[in-house]
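Geometric and topological summary
Spelled out, the chains give:
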2 protein chains.
Amino acid sequence: MMNPVSLPALSRIAICGGTHGNELSGVYLVRELQRQKKEKVGEAALTTVLSNPRAIKECRRYIDMDLNRCFTKALLSSPVMDDTPFEVRRAQELQALLGASSSVQAMDLVIDLHNSTSNMGVSLITYYNQNPLILHIYKHIQRNVTVAPVRLILLDTHHADAYSLDSLGKHSFTLEVGPQPHGVLRADIFNIMKEAVDQTLKWVQCFNTGSVFEGGEVDNAYMLVKSIDFPRDQENNNISGVVHPQLQDQDFCHLRPGDPMFLTFSGETVKYEEKEVLHPFFINEGAYYEKSIAFHLGRKMTLSVPSLQMKEH
Amino acid sequence: MMNPVSLPALSRIAICGGTHGNELSGVYLVRELQRQKKEKVGEAALTTVLSNPRAIKECRRYIDMDLNRCFTKALLSSPVMDDTPFEVRRAQELQALLGASSSVQAMDLVIDLHNSTSNMGVSLITYYNQNPLILHIYKHIQRNVTVAPVRLILLDTHHADAYSLDSLGKHSFTLEVGPQPHGVLRADIFNIMKEAVDQTLKWVQCFNTGSVFEGGEVDNAYMLVKSIDFPRDQENNNISGVVHPQLQDQDFCHLRPGDPMFLTFSGETVKYEEKEVLHPFFINEGAYYEKSIAFHLGRKMTLSVPSLQMKEH
């Protein structure tokens, strides 16, 4: 049995949307919270942020570079020059607004809202070495959001090497909901994201008012192992095939040796040939073509989580 | 009974992809035709074109303005200045390459390949006042492509007011296939487009070798009547609701008085309130947000088409 954990109340919470300007559920969910002037979660202060306003206005992922890769120590501390990319400036602004990671000013909880063109359902993405608080939020969402499958993706990155906006928070996760085309707002996907956010805020209120969360097991967790690129034409480096129709939309399925991965334009099937059964996700995500990623592969894990409650002052 | 029609052989054919740089089925279909060095359809000459190479490279719809609105008489004849938009220059280049509309140099058939985030299946879009040739191609595709519904969209625009790339051709249509997120290539959608193009080229060969195509009726034709915008926030003009979940993905359904169109963020349903039953399409097309179009409405029609064969020299 793991020892119970006590953590301080979550008194400052940030919800960010539009970190990628064409992922519209988060943009409109934040706008809706701002329209409602929602600034409290029980006693806790809620900050809502449109992370990349220029990209939102142009309905593009980013202007100069991916904002969600700009929260490294190096970029956050780099001097601003004339040719500093817009997103590096904006990351520094957001750090000033939300507080630097690991500082006393850091937000207690940062939730960053994203969409995917992949069939991701509701996916919480977080750093592996987080404390149990996020695992308890995940369990709560998994139990209470029933309109879509809920899963946890773990990044095996040391906090010192973190790069994403959410890493500014003392606790944090990225909420990824799909499938939705970038630049499109679908009612079904918007409502799933809203439900997941509402459940998170409900959990926060229970935690802050002293509820005890029993320990136990966390299932449907996937540790990112590696990324797989499309097959490519040697001559010009263009992709020479597409995600196989049997794999498309099957995010988090079992990928077993011999299973089809790609169908080339000349009609050949490219198969998965490794020994370990892994689980593909972010399959055919539109924004990852430029990163040479056709999908990620994860190892399915079950985690133990200790019981948790708020630390009294 | 309508009189049979005779038309000259189709000896010069163009297939264009990437008129919108992030609509990937057409980009990769044209690249594949070029890789195969496919330059003939029977005896006819086939030209394949990547219409907007800069936008394709950046995986954006366009650089300065929508290329598929640049084929007006005014823009095609405007002098090129330093500040002429890239797409206006490119439209003039494409006119030089493919031949000016209504000139003897004009292509006999231009097919322009597009994708939509909407559930469009296979849609042929053409100008209403076209001669029967396109209607016969449509009937052939409808009969032979069975993996997706096939429909015809008619634009009631005089040829003199045409604005789209395909209008360069003596005969022409835009082939719209969806749903597919922009910036993503799906095997299923790619294969549907490939099948529709293959069937078109098959028909061309039959026509050019003297086959007689019986007249008859053309069904599932929709005349564009008008466009409907999203509900909007008066204060800032942002959209204040999304396409209603009951309407999303229901392209070409019946929209009857009282049917839901939008769901506002505050939870109200906006209903269709006109008397005429019409048919929505391009429902929630990502590229139309900037055009203030949530969907188009069309009137369903049945057309008569005379029998057709090639005119002997």
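Refer to the preceding data block for the structure.
Residues numbered from 1 in each chain as written. Chains lettered and ligands numbered in written order. Predicted model: local features only at pLDDT ≥ 70, side-chain atom pairs only at ≥ 80, totals over all residues. Heavy atoms only, no water.

Examining the relation of the copies chain B and chain A
- Superposition of chain B onto chain A requires a rotation of 180° combined with a translation of 0.0 Å along the rotation axis, giving an RMSD of 0.0 Å. The symmetry that links the two subunits is that of a two-fold axis. Judged by C-alpha distance, B:Pro181 is the residue of chain B that lies nearest the rotation axis, at 2.3 Å. (Least-squares fit on C-alpha atoms with pLDDT ≥ 70 in both.)

Some details on the packing of helix H1 (residues 24–35) of chain B against helix H6 (residues 187–208) of chain B
Residue and element names in this part refer to chain B.
- Interhelical geometry of H1 versus H6 gives an angle of 55° and a closest axis separation of 10 Å. Regarding the angle of H1 to H6, the classification is oblique. As for how H1 packs across H6, the hand of that crossing is right-handed. Of the residues in H6, those in contact with Ser25, Gly26, Tyr28 and Leu29 of H1 are Ile189, Phe190, Met193, Lys194 and Val197.
- Class assignment for the residues of the contact of H1 with H6 results in 6 nonpolar, 2 polar and 1 charged. (Axes fitted to C-alpha atoms, helices over the stretch in contact; angles between N-to-C directions. Helix = DSSP H or I, 4+ residues; strand = E, 2+ residues; numbered from the N terminus. Parallel < 35°, antiparallel > 145°, perpendicular 65-115°, else oblique. Left-handed = near helix turned anticlockwise from the far one by under 90°. Contact = heavy atoms within 4.5 Å. Nonpolar A, V, L, I, M, F, W, Y, C, P; charged D, E, K, R; others polar.)

Considerations on the sheet that holds strand S12 (residues 269–271) of chain B
Residues and elements named next belong to chain B.
- Strand order in this open sheet of 3 strands is S10-S11-S12, and the pairing throughout is antiparallel. The two strands at the open ends of the sheet, each matched to only one other strand, are strand S10 (241–243) and S12. Pairwise comparison of adjacent strand axes, ignoring direction, gives a mean angle of 30° for this sheet.
- The sheet contact formed by strand S11 (residues 260–264) and S12 spans 3 bridges and is antiparallel. Of the residues in S12, the one forming a bridge with Pro260 is Lys271. (Pairing = 2+ DSSP bridges.)

As for the interface of chain B and chain A
- Listed as interface residues are 29 residues of chain B and, on the opposing side, 29 residues of chain A.
- Along the contact surface separating chain B from chain A lie 2 salt bridges.
- In this structure, B:Asp249 engages A:Arg186 in a salt bridge whose closest nitrogen and oxygen atoms are separated by 2.8 Å.
- Counting across the interface, chain B meets chain A through 6 residue pairs in polar contact (both at pLDDT 80 or more).
- Elements represented by at least two residues in the side of chain B that touches chain A include exactly H1, H6 and S10 of chain B.
- Classifying every residue of the side of chain B that touches chain A gives 14 nonpolar, 8 polar and 7 charged. (Salt bridge = Lys/Arg side-chain N within 4 Å of Asp/Glu carboxyl O. Polar contact = N/O pair within 3.5 Å; in protein donor to acceptor, adjacent residues only side chain to side chain.)

Some words on the layout of surface pockets
- By volume, the largest pocket is sized at about 1600 Å³.
- Residue lining of the largest pocket: 48 residues in total, with A:Asn22, A:Cys59, B:Asn22, B:Cys59 and B:Arg60 positioned closest to the centre.
- Only helix H1 (24–35) and helix H2 (53–58) of chain A together with H1 and helix H2 (53–58) of chain B provide two or more residues apiece to the lining of the largest pocket.
- Looking at the lining of the largest pocket residue by residue, the classes come out as 19 nonpolar, 15 polar and 14 charged. (1 Å grid on protein atoms, 1.4 Å probe; cavity = no way out; pocket = protein on both sides within 12 Å on 5 of 7 lines; lining within 4 Å. Points joined across faces, edges and corners; volume = space filled by probe spheres on them.)

Some remarks on the pattern of salt bridges
All names here are of chain A.
- One pass over the full model with this rule turns up 26 salt bridges over all chains.
- A salt bridge links Arg60 to Glu58, with the nearest nitrogen and oxygen atoms 3.1 Å apart.
- Between Asp66 and Lys291 there is a salt bridge, and its shortest N-O distance comes to 2.9 Å. In this pair, Asp66 sits in the loop between H2 and helix H3 (73–76) while Lys291 sits in the loop between strand S13 (279–281) and strand S14 (295–305), placing the two residues 225 residues apart along the sequence.
- A residue is classified by how much of its surface remains accessible, and Asp66, at 7% relative accessible area, is buried.
- Each of Glu23, Arg61, Asp66 and Lys291 takes part in salt bridges that share partners, so that together they form one network. (Buried < 20%, exposed > 50% of the residue type's maximum accessible area, 1.4 Å probe, protein only.)

What about the sheet that holds strand S11 (residues 260–264) of chain A?
All names here are of chain A.
- A sheet is described by the order of its strands in space; here 3 strands give the open sequence S10-S11-S12, paired in antiparallel fashion. Lying at the two open borders of the sheet, with one neighbouring strand each, are strand S10 (241–243) and strand S12 (269–271). Across this sheet, the average inter-strand angle for adjacent strands is 30°, counted without regard to direction.
- Sheet analysis places S10 next to S11, joined by 3 bridges and oriented antiparallel. Within the sheet, the bridge partner assigned to Gly241 lies in S11 and is Thr264.

Some thoughts on the packing of aromatic side chains
- Tallying each qualifying case throughout the model produces 26 aromatic pairs over all chains.
- Taken together, a centroid distance of 5.9 Å and an interplanar angle of 25° make the contact between A:Phe262 and A:Phe295 stacked. Linking A:Phe262 in strand S11 with A:Phe295 in strand S14, this pair joins segments that are 33 residues apart in sequence. Judged on exposure class, the residue A:Phe262 and its partner A:Phe295 are both buried.
- When the ring of B:Phe282 is compared with that of B:Tyr288, the centres are 5.2 Å apart and the planes differ by 55°; the resulting orientation is tilted.
- Through a chain of ring-to-ring contacts, the aromatic side chains of A:Tyr222, A:Phe252, A:Phe281, A:Phe282 and A:Tyr288 assemble into a single cluster.
- Against the face of A:Phe86 rests A:Arg54, its NZ or CZ located 4.8 Å from the ring centre.
- Geometry around B:Tyr28 places B:Arg31 over its ring, the cationic atom sitting 5.0 Å from the centre. (Phe/Tyr/Trp six-rings, centres within 6.5 Å; stacked < 30°, edge-to-face > 60°. Lys NZ or Arg CZ within 6 Å of the ring centre and 35° of its normal.)

Some words on the pairing of strand S8 (residues 171–178) of chain B
Residues and elements named next belong to chain B.
- Along S8, 8 of the 8 residues are buried, which leaves the element largely enclosed by surrounding structure.
- Where burial is concerned, the two faces of S8 agree: the one with His171, Phe173, Leu175 and Val177 and the one with Ser172, Thr174, Glu176 and Gly178 are both buried.
- Where strand S5 (residues 109–115) meets S8, 7 bridges bridge the pair, whose relative direction is parallel. Directly across from Leu109, in S8, lies its bridge partner His171.
- Two strands pair when backbone bridges link them, and strand S6 (residues 121–127) and S8 are joined in this way by 5 bridges, in the antiparallel orientation. From the neighbouring strand, Ile125 faces S8, where its bridge partner is Thr174.

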